[in-house]
Amino acid sequence: MIGVVYLGSNAKTQERLKYIPGQLVRMTNTYKDAAQICTAHVANEHFIVFFERNVRSEDITAITYLRKKSHNVYIILMTDKMTSEERDIYMKCGINDTIAKEASVTELNKKIQFISDRENVLFDDERPKYHILKFKIPVWKRLFDIFFSGLAIILLSPIFIITAIAIRLESKGPILFKSKRVGTNYTIFDFLKFRSMFVDAEDRLKDLSKEHNQYAEHEQEEHKTITAPLGEQAEQNMLDLGMESEMMISDEEIMLVGDDFVVAESDFNKKKEEEINNAFVKIENDPRITKVGRFIRKYSIDELPQLFNILKGDMSIVGNRPLPLYEAEKLTADKSIDRFMAPAGLTGLWQVEERGKGGMMSAEERKQLDITYGQTYNFMLDMKIIFRTLFAFVQKENV
């Protein structure tokens, strides 16, 4: 059971928290009162504490006291942008997460639901546990990665040199392309590839029509902002918050109330599902790719620099593909989170399965294969995937 406490004095935040569906948020402006609320609880009750950031020295005292007195809390700092130094200081004090000060009701509710769904992982009634459990790569897998990647780098060094020269001769720019990717345990690292696109490829991405995305749903419906008959006082409160009532629906519909909208839960869930299904971006016949780039992509040569990522420990030989930030951030609110609790890899189950389907696979199929690998991987499965990958380098579709 999860309780919610707000520690702060921001009237606007307090007003938004009143509209969290099915949740009574207890309000206080002193850390001692917050600690008392969290300690005077029934058995197995846990608390989410939304802590409004104020003066840093006072915040440190409050968070330290709250953490010392209450081991059953998950502290979320409500803050504007922070420097790396400030973030480190607050994390050492004991905060678990952050959220924007002006977060909407929907965002606040989404955060509460995310934590509630993982209550058995985030809380431990016997001892403090402030972070999500992390995946640890087995010793056998790490040793194999070091041996295989080191040997491959030595044997393939002539290809590295030839590819580097070809890239430099065709177009200006760096030989290697670095991008931020999200791997195991949501760890962000510099993902290495031979550059196969023009140097301004990232800027061109937003100019490409969404209809070029193989994974995108082309038919979308407009979602109207709607409100339910919540009573005169509630309607007035929503108007004070800048929310307008556009149409009425039946009392049976559950409403989600935000800072600037009130939307039916069914419409919200439908839009959310569409966004998640379209998380992966894959452009067909991409005009941003160079001639050398098309060749090295066809034979997967552009992936070879990732052997250095593997040697370093960012990735494994076999695992789930590390995702760009804009894809990974859409896979945090449903069961797809399990794909990140597994090894990140150069090749994996969905890659070899997709090649078997001629390069055509839906985003949902891909996510399910990632989850399946994370739950069932072993040495023999890794060997089978490597074997299938070695015989699938030449392909008609870019995978």
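Cut-offs used in this document
Position numbers for residues start from 1 in each chain and track the written sequence from start to end. Totals for whole chains, interfaces and linings use all residues, but because this is a predicted model, local features are given only for residues with pLDDT of at least 70 and pairs of side-chain atoms are given and counted only at 80 or more. Side-chain metrics rest on all non-hydrogen atoms present in the structure, leaving aside hydrogens and water. Think of each axis as a best-fit line through the C-alpha atoms, taken over the contacting stretch in the case of a helix, with angles from 0 to 180 degrees between the N-to-C directions. Where helices and strands are cited, they refer to DSSP runs of H or I of at least four residues and of E of at least two residues respectively, numbered from the N terminus. Here is the rule for angles: anything less than 35 degrees is roughly parallel, anything more than 145 is roughly antiparallel, 65 through 115 is roughly perpendicular, and the remaining ranges are oblique. Any two residues whose heavy atoms approach within 4.5 Å are treated as being in contact. The rule for a salt bridge is simple: a side-chain nitrogen of Lys or Arg has to be within 4 Å of a carboxyl oxygen of Asp or Glu. Burial status follows relative accessibility: with a 1.4 Å probe on protein chains alone, a residue under 20% of its type maximum counts as buried, one over 50% as exposed, and anything between as partly exposed. Strands are treated as partners if at least two bridges between them are detected by DSSP. Note on ring pairs: Phe, Tyr and Trp rings are taken, using the six-membered ring of Trp, and paired if centres are within 6.5 Å. Classes follow the plane angle, with under 30 degrees stacked, over 60 edge-to-face and the rest tilted. Here, over-ring charges are defined by two tests on the NZ atom of lysine or the CZ atom of arginine: distance to the ring centre within 6 Å, and angle to the ring normal within 35 degrees. Only buried residues count toward a nonpolar core. Its members are Ala, Val, Leu, Ile, Met, Phe, Trp, Tyr and Cys residues joined through side-chain atoms within 4.5 Å. To estimate how far a helix should reach, multiply one less than its number of residues by 1.5 Å. To be clear, the arc concerns the directions from the helix axis to the C-beta atoms. N or O atoms within 3.5 Å of each other form a polar contact, as long as, within protein, one can give a hydrogen and the other can take it, and as long as residues adjacent in sequence are counted only when both atoms are side-chain atoms. Per-residue confidence from the predictor is reported as pLDDT, a score between 0 and 100. Patch criteria: residues need more than 30% relative accessible area and no salt bridge. Like-charged residues are merged within 9 Å; nonpolar side chains of Val, Leu, Ile, Met, Phe, Trp and Tyr are merged within 5 Å. The accessible surface values rely on the Shrake-Rupley method and a 1.4 Å probe; as for residues, cover is taken only from the protein chains in view.

Considerations on the packing of helix α3 (residues 56-69) against helix α4 (residues 84-93)
So, step 1. Where α3 contacts α4, the axes come no closer than 8 Å and their chain directions differ by 30 degrees. In terms of orientation, α3 and α4 fall into the roughly parallel class. Counting all contacts with α3, which are made through Arg56, Asp59, Ile60, Ile63, Thr64 and Arg67, the residues of α4 involved are Glu86, Ile89, Tyr90 and Cys93.

Concerning the pattern of salt bridges
So, step 1. Tallied over the full model, the rule gives ten salt bridges.
So, step 2. Lys18 serves as the salt-bridge partner of Glu15, at 3.6 Å between the closest nitrogen and oxygen.
So, step 3. Overall, the relative accessible area of 59% leaves Lys18 in the exposed class.
So, step 4. Taking the shortest distance from any N to any O, the salt bridge between Arg16 and Glu102 comes out at 3.9 Å. Of this pair, Arg16 sits in helix α1 (residues 11-17) while Glu102 sits in the loop between β5 (97-100) and α5 (105-117); the two residues are 86 residues apart in sequence, bridging distant segments of the chain.
So, step 5. Under the relative-accessibility criterion, Arg16 is labelled buried at 4%.

Points about the sheet that holds strand β11 (residues 323-324)
So, step 1. If you trace the three strands from one edge of the open sheet to the other, you get β7-β6-β11, paired in antiparallel fashion. The two strands at the open ends of the sheet, each matched to only one other strand, are β7 (188-194) and β11.

Observations concerning the sheet that holds strand β2 (residues 25-28)
So, step 1. Taken together, the five strands give an open sheet; going across it, the order is β2-β1-β3-β4-β5, and neighbouring strands pair in parallel fashion. Strands at the two margins of the open sheet, each flanked by one partner only, are β2 and β5. Sheet twist, expressed as the mean angle between neighbouring strand axes with direction ignored, is 25 degrees.
So, step 2. Where strand β1 (residues 2-7) and strand β3 (residues 46-52) come together, six bridges link them in parallel fashion. Bridge pairing in β3 links Gly3 to Phe47.
So, step 3. Docked against the sheet, α5 engages β1, β3, β4 (73-79) and β5, running at close to 160 degrees with respect to β5.

A word on the packing of aromatic side chains
So, step 1. Taken as a whole, this structure holds ten aromatic pairs when the rule is applied.
So, step 2. Joined through ring pairs, the aromatic side chains of Trp140, Phe144, Phe148 and Phe379 make up one cluster.
So, step 3. The ring of Trp350 has Arg366 sitting right over it, with the charged end atom 4.3 Å from the ring centre.

Quick notes on the nonpolar core
So, step 1. In terms of nonpolar packing, the biggest core is built from 27 residues, with Phe194, Ile296, Leu304, Leu307, Val318, Tyr373 and Ile385 touching the most fellow members.
So, step 2. The contact partners of Leu304, leaving out residues within four places of it in the chain, are Leu156, Ile159, Phe160 and Phe194.
So, step 3. Formed by 20 residues, the second largest nonpolar core is a distinct cluster that contains Val25, Phe50, Tyr74 and Leu122.

A short note on helix α17 (residues 379-390)
So, step 1. Between its terminal C-alpha atoms α17 stretches 17 Å, which fits the 16 Å expected from twelve residues at 1.5 Å a residue.
So, step 2. Among the residues of α17, those classed as buried are Leu381, Asp382, Ile385, Ile386 and Thr389. Projection of α17 onto a plane perpendicular to its axis shows the buried side chains occupying an angular sector of 135 degrees, all on one side. The exposed residues of α17 that point more than 90 degrees off its buried face are Met380, Lys384, Phe387 and Leu390.
So, step 3. For α17, the capping residue at the N-terminal end is Asn378, with a side-chain oxygen 3.1 Å from the backbone nitrogen of Met380.

Quick notes on the confidence of the model for the chain
So, step 1. Mean pLDDT for the chain: 77, with 69% of residues reaching 70 or above.
So, step 2. For the stretch residues 217-235, pLDDT sits under 50, and the model shows 45 contacts to residues farther than four places along the chain or on other chains.

Section: a nonpolar patch on the surface
So, step 1. On the surface, a nonpolar cluster with roughly 310 Å² of combined accessible area is contributed by Trp140, Phe379 and Met380.
So, step 2. Within the secondary structure layout, Trp140 lies in helix α7 (residues 139-155).

Re the pairing of β3
So, step 1. Most of β3 sits out of view: seven of its seven residues are buried.
So, step 2. Along β3, one buried face is formed by His46, Ile48, Phe50 and Glu52 and the opposite face, lined by Phe47, Val49 and Phe51, is buried too.
So, step 3. Where β3 lies against β4, six bridges are found, and the strand directions are parallel. Paired with Val49 across the bridge in β4 is Ile75.

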